[in-house]
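Close look at the chain arrangement
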Amino acid sequence: MLFSCETMFGIRRLLSHLLLFLLVVNTCKAEEEVNKESEKDTDPLPGPLSSKEFEEKLKSGYHIVEFFSPYCPHCVHFAPTWADFYHQHHEDYAEKNNLYFHQVNCVSNGDLCDEEGVMAYPTIRFYSSGGKLLGSMDDYKRTMDGLEAFINDQLSLWASDNADSSSTELSDSIPETILLNKKQLVQTLVGEGADRPYLVSFWQSTDKELPPEKFQGDHKEVRFFQKHSASYTFRNVWNGVAKRLSNEIEDGKLSLAYFNCGSNPDVCETLGFEDWPRNEDEAIPQIMMMLPSSAGGNRIVYNRPNRPSIQDLLAWTGRLLEMYKFEDLSESNIQSMGNIVKRLRRESDIKDYSKVTFVLLEDPISKVPEDDMILRKLLQPIMDLRDNVYLFKSTDNIGFLRLLKTQSKVLENDYLNKDLDKDSEDRISFDPAMFAARTLSALPMMLCFRSNTLDGVAMKSFSSRDIRDTEKVLKFIYKNAYPMAWPLLRKNMDVVFPDYDDSYYSKNEKVLVSLIDLKKPKELQKISYAMSYIYHKFSYIQNRIQFDKLDKERKGKYAKIKDLQDGEHHHDIMKIMSTKVKETFENMHNELRITYVDIENFRGLRYVLGWKNMMPSKYKSGDFILVSRFSNSYWDHSPEGKPFNLDDMDNVVSGIKYASEHSFSGNRLYTPILKFTAFGSLTIIVIYQVWKRTRKYILMRRLRRNRVKGLGILGVDPSLDSTELDKLE
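Our subject in this report is the structure included herewith. (Residues numbered from 1 in each chain as written. Predicted model: local features only at pLDDT ≥ 70, side-chain atom pairs only at ≥ 80, totals over all residues. Heavy atoms only, no water.)

As a further point, take the sheet that holds strand 1 (residues 62-68). The four strands are arranged 2-1-3-4 in an open sheet whose pairing can be described as mixed. Of all the strands in the sheet, just strand 2 (99-105) and strand 4 (132-136) have a single pairing partner and so form its edges. With direction set aside, neighbouring strand axes in the sheet form an average angle of 30°. Here strand 1 pairs with strand 2 via seven bridges, running parallel. Each residue of the ladder has a partner; that of Ile-64, found in strand 2, is Phe-101. Helix-sheet contacts for helix 3 (residues 73-97) involve strand 1, strand 2 and strand 3 (123-128), and the interaxial angle to strand 2 is about 150°. (Pairing = 2+ DSSP bridges. Helix = DSSP H or I, 4+ residues; strand = E, 2+ residues; numbered from the N terminus. Axes fitted to C-alpha atoms, helices over the stretch in contact; angles between N-to-C directions. Contact = heavy atoms within 4.5 Å.)

Written out as structure tokens, the structure reads:
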């Protein structure tokens, strides 16, 4: 192919411009790298502090200190993050907050680290003036964002709000925590003279080790805190909670107290506070909220397995304070508190699906005090659940029954028909008979609502005896105390995938895992809607199947009665009429859970969950994976081979339905240990046999060579015993 001179000239000119552009870009990048390096050279990291420098530097201001070891792999991995954060932020924090960054090498300054109670590396702490330890970065990720969040949380908690940013005094005095003696505790327990709840922490210390004047002491001055470093960390968490609850304390809605179990072991053993960790460094106080006698005098224990953070205790305390009085609330009040909706829009921001609200609905005319007794029994189990599960009481039965009906009408007439033509055969319409079968119940009754969903659930009760059956009500609560969708995290994996218990779960339960990318906010909105649509569509299909089954049984029962009416079969008719049709809606909301996980964290969670056969590289944001909750199977496509993804939500729904109802075998999440052991044993046997025969062959060849070595064609070595060769042959 020939080009004219003008064309060739144009091509050469274009190439020259392209080369010049690339040269400029590379030069700019190089200058940028040089600027970064020069910036680090002109603003280097300060050297690690010695013991003397540590005391001198921390006399005034706020300080972030990293205790590290140069031989610690985690410290080496965190070092670039620390350096980058320092170069980007240290000037702003010093100017605006009087906050400074330091490091301590625990290899060269072991005495200082021992004195500060450093038990692991890296340890990052927040100090105020005088070297007073206020917080540790235990519950934050060691990333740029995690470090920034930790610092800002500590500053918002402890730093002064005065215009004078150089001030390092605490913004407000910490509300007093009262020391209760044995008599005072017993009086508070029985509700004598207590007009408010008491949040009490139980310590393993004695009255001599931790009197009121030492409770706010520094960890280097109080011997008990030196011996129990975890208790000192908890004391700072407790102070943080006290500061955040200062308004409630000032308004007389709450009091804080502590109790020394070391001086009163019999009382603490009676309350169940006796199993302290053997390692004193790990022992932390235990917590109880004691309610006044006007609220039933309940004792609610903080039963969480991990060490509580300020946010954990605030959420737990705030939720309990919101519920414990069990006031008669209207439907509109509870609807607002629980993010309960009557309508859902398709085009909307990402919804908050976290809240689950239970309501004891009573008849304002026929209610009796005994109906409320169940609430006191349910309070501890409710508080042991997630932070967003609530329990309220209402006599607004008209409002709530209207809410249930409105949700069902909007769901069946509108929400599930958005993408269908008006004349489509697949359109759904509200079925009053199915609604009545799902919700018809005697009062009092228990209701459940999930935030931003249209699937209100009613516990069927036919007399007040049913609602007073604690075991039956708890079963309903445990089965429904899940949000529509929630994040899959390390801390809640045992809740999303619990151990199987046939009294609460069924073997065919599934979990739909939605893969998201937090860096794509527009796609997140689509995924949020997709999760909502899949959940509502699948729930409706299951409700319809169960209702059709119930309707068939009822019609069969009435047909038998009609056949017997022509003759004298009164006894048989009464027997058939007294036969109870099996309730089919009890397990409806116990079959599908929806969870979502960031695609970047999916690989790590997969290993923790043991899903070794699942390949993360195969999936992208917007894909769905259906996982069996209690068995070794998962599905990522329909029986027709269509993948589960955002582009075809109805395909996901039909795939879930098919996997739940048919023997649609999926892929294995992991290789069973017995199968692996059998395969491994067989492999070892085969390898051993091959090795044995190979070794025998090599020895035979070696003996043959040695037998005639150096003797020519006819020579024989008389020192070689022929039986050695014969044995091998």
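From this point, the discussion proceeds with the structure in view.
Let's shift gears to the packing of helix 3 against helix 5 (residues 144-158). Contact geometry for helix 3 and helix 5: axes closest at 10 Å, N-to-C directions at 30°. Accordingly, the angle class assigned to the pair helix 3 and helix 5 is roughly parallel. With respect to the hand of their crossing, helix 3 and helix 5 are arranged in right-handed fashion. Counting all contacts with helix 3, which are made through Phe-78, Thr-81, Trp-82, Asp-84, Phe-85, Gln-88, His-89, Tyr-93 and Asn-97, the residues of helix 5 involved are Met-144, Leu-147, Glu-148, Ile-151, Asn-152 and Leu-155. Tallied by class, the residues present in the contact of helix 3 with helix 5 amount to eight nonpolar, five polar and two charged. (Parallel < 35°, antiparallel > 145°, perpendicular 65-115°, else oblique. Left-handed = near helix turned anticlockwise from the far one by under 90°. Nonpolar A, V, L, I, M, F, W, Y, C, P; charged D, E, K, R; others polar.)

Moving on, we get to unusual backbone geometry. If a residue is not glycine, its phi is most likely negative; likewise, a peptide bond is most likely trans. The omega torsion of the bond from Tyr-121 to Pro-122 falls at -10°, within 30 degrees of zero and hence cis. Among the secondary structure elements, Pro-122 is positioned in the loop between helix 4 (110-115) and strand 3. Backbone torsion omega between Leu-443 and Pro-444 reads 0°, so that peptide bond is classified as cis. As for its position among the elements, Pro-444 is in the loop between helix 16 (432-439) and strand 12 (445-450). In the Ramachandran plot, Asn-98 falls in the positive-phi region, its phi being about 55° despite a non-glycine side chain. Position of Asn-98 relative to the elements: it lies in the loop between helix 3 and strand 2.

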